[in-house]
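Residue strings, one per chain:
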Amino acid sequence: MLSVHGRKPAAVAVEPVAKGLLRIGLTPNATTIAGTALTMLTAMVLIPTGHLVWAAVLSLFFAAFDMVDGTMARLRGGGTAFGATLDASCDRLTDGALFGSIAMWLIYVADAAPVNVAVCLAVTVLSPTISYIKARGEAGGLKIVGGLVERPERLILSLGGLALEGFGVPNAVVVSLWILLVGSVITVVQRLMFAGRDEGADAKVAPPAGA
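Note that this is a predicted model, so its numbers are computed, not measured.

Draft legend 1. Broad picture of helix α7 (residues 114-139). For α7, built from 26 residues, the straight-helix expectation of 38 Å at 1.5 Å per residue is met to within 8% by its first-to-last C-alpha distance of 38 Å. For α7, the full list of buried residues reads Asn116, Val117, Val119, Cys120, Val123, Leu126, Ser127, Ile130, Ser131, Ile133 and Gly137. For α7, the secondary structure elements touched by its buried residues are α6 (81-108), α8 (151-166) and α9 (172-197).

In structure tokens, the structure reads:
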């Protein structure tokens, strides 16, 4: 939901940063790669070692690069097909690193119940599935916009849970994961319904090469 309605308010803060990075010679693709590397490193180092508040704060800061690189591309006259592919791929890498690191924390630090670890793993799978449905559907000409839990909501819930747990709120991470599980399942169903109801849903597609 936030990815649809939150872009204009965020642009007020993001655009000056994007202009500054362009002035010093950074490209959108370089910004994407740097933000991805820093976000993954933050998650994989700080979360399994129990530094949850710092992990949440730094992850949120570096995740902002996901908005900055797109704004940089727009200011340069528009993005490229490769840039869009790189950005989407890096988003999946950072999501995997985040939830994989949370799973490690649950197992090795929090001594969590197996069911809660399973919930985290389910969210790890559902997160890229939500994005894949949109990407694959739009590649076939379908319009798939929105959904209950998109990437901004996933980040807010997961990082918020980490921060609260780090400040001493018990079970905040587990609660956030259960909310994400329910919301992600709903979003998968929503997006499949959007695809199925599109006027182009029944259009014939060419078979894959070699079929």
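Right, picking up where we left off after that structure.
Draft legend 2. Summary view of the side chain of Ser127. Of note, Ser127 is situated in helix α7. Judged by its relative accessible area of 0%, Ser127 is buried. At 2.8 Å, the side chain of Ser127 and the backbone oxygen of Val123 are in polar contact.

Draft legend 3. Main features of a nonpolar patch on the surface. On the surface, a cluster of nonpolar side chains totalling about 430 Å² of accessible area is made up of Met104, Ile107, Tyr108 and Val109. Position of Val109 among the secondary structure elements: in the loop between α6 and α7. Of the residues examined, Val109 reaches a relative accessible area of 44% and is grouped as partly exposed.

Draft legend 4. A look at the packing of helix α3 (residues 28-46) against α6. It is at 9 Å that the axes of α3 and α6 come closest, and there the two elements cross at 5°. For the element pair α3 / α6, the angle class is roughly parallel. Within the contact between the two elements, α3 uses Asn29, Thr32, Ile33, Thr36, Thr39, Met40, Ala43 and Met44 and α6 uses Phe82, Gly83, Leu86, Asp87, Cys90, Leu93, Thr94, Ala97, Leu98 and Ser101. When grouped by side-chain class, the residues that make up the contact of α3 with α6 number ten nonpolar, seven polar and one charged.

Draft legend 5. Summary view of the confidence of the model for the protein. Confidence in the prediction for the protein averages 90 pLDDT; 93% of positions are at 70 or higher. Looking across the protein, the model is least confident in helix α1 (residues 2-5), with a mean pLDDT of 50, and most confident in α9, with 97.

Draft legend 6. Structural detail: the UniProt feature "binding site: Mg(2+) 1" (unreviewed entry) in the protein. UniProt's entry tags Asp66, Asp69 and Asp87 with the feature "binding site: Mg(2+) 1" (unreviewed entry), counted in the numbering of this structure. These annotated residues cover 22 residues of sequence, but their C-alpha atoms sit close together, with the largest distance between any two at 8.4 Å. Within the secondary structure, Asp66 is located in helix α5 (residues 65-75). Tracing the sequence through the fold places Asp69 in helix α5. Among residues more than four places away in sequence, those in contact with Asp69 are Pro28, Thr31, Thr32 and Asp87. Side-chain polar atoms of Asp69 contact the side chain of Thr32, separated by 2.5 Å.

Draft legend 7. Here's a closer look at the pattern of salt bridges. On inspection of all chains with the given rule, the structure shows eight salt bridges. Put simply, Asp95 and Arg92 hold a salt bridge, and the shortest N to O gap is 3.8 Å. Within this pair, Asp95 and its partner Arg92 are both found in helix α6, separated by three residues, close to a single helical turn. One salt bridge in this structure joins Lys134 and Glu138, with 2.9 Å as the shortest N-O distance. Of this pair, Lys134 and Glu138 both sit in helix α7, separated by four residues, roughly a single helical turn. Here the residues in one salt-bridge network are Asp91, Arg92, Asp95, Arg151 and Arg154, joined through shared partners.

Rules used in this analysis
Residues numbered from 1 in each chain as written. Predicted model: local features only at pLDDT ≥ 70, side-chain atom pairs only at ≥ 80, totals over all residues. Heavy atoms only, no water. Helix = DSSP H or I, 4+ residues; strand = E, 2+ residues; numbered from the N terminus. Expected span 1.5 Å × (residues − 1). Buried < 20%, exposed > 50% of the residue type's maximum accessible area, 1.4 Å probe, protein only. Contact = heavy atoms within 4.5 Å. Polar contact = N/O pair within 3.5 Å; in protein donor to acceptor, adjacent residues only side chain to side chain. Patch = residues over 30% accessible without salt bridge, like charges linked within 9 Å, V, L, I, M, F, W, Y side chains within 5 Å. Areas by Shrake-Rupley, 256 points an atom, 1.4 Å probe, with all protein chains shown as cover. Salt bridge = Lys/Arg side-chain N within 4 Å of Asp/Glu carboxyl O. Axes fitted to C-alpha atoms, helices over the stretch in contact; angles between N-to-C directions. Parallel < 35°, antiparallel > 145°, perpendicular 65-115°, else oblique. Nonpolar A, V, L, I, M, F, W, Y, C, P; charged D, E, K, R; others polar. pLDDT = per-residue confidence, 0-100. UniProt positions renumbered as here; feature names shortened; annotations may be inferred.

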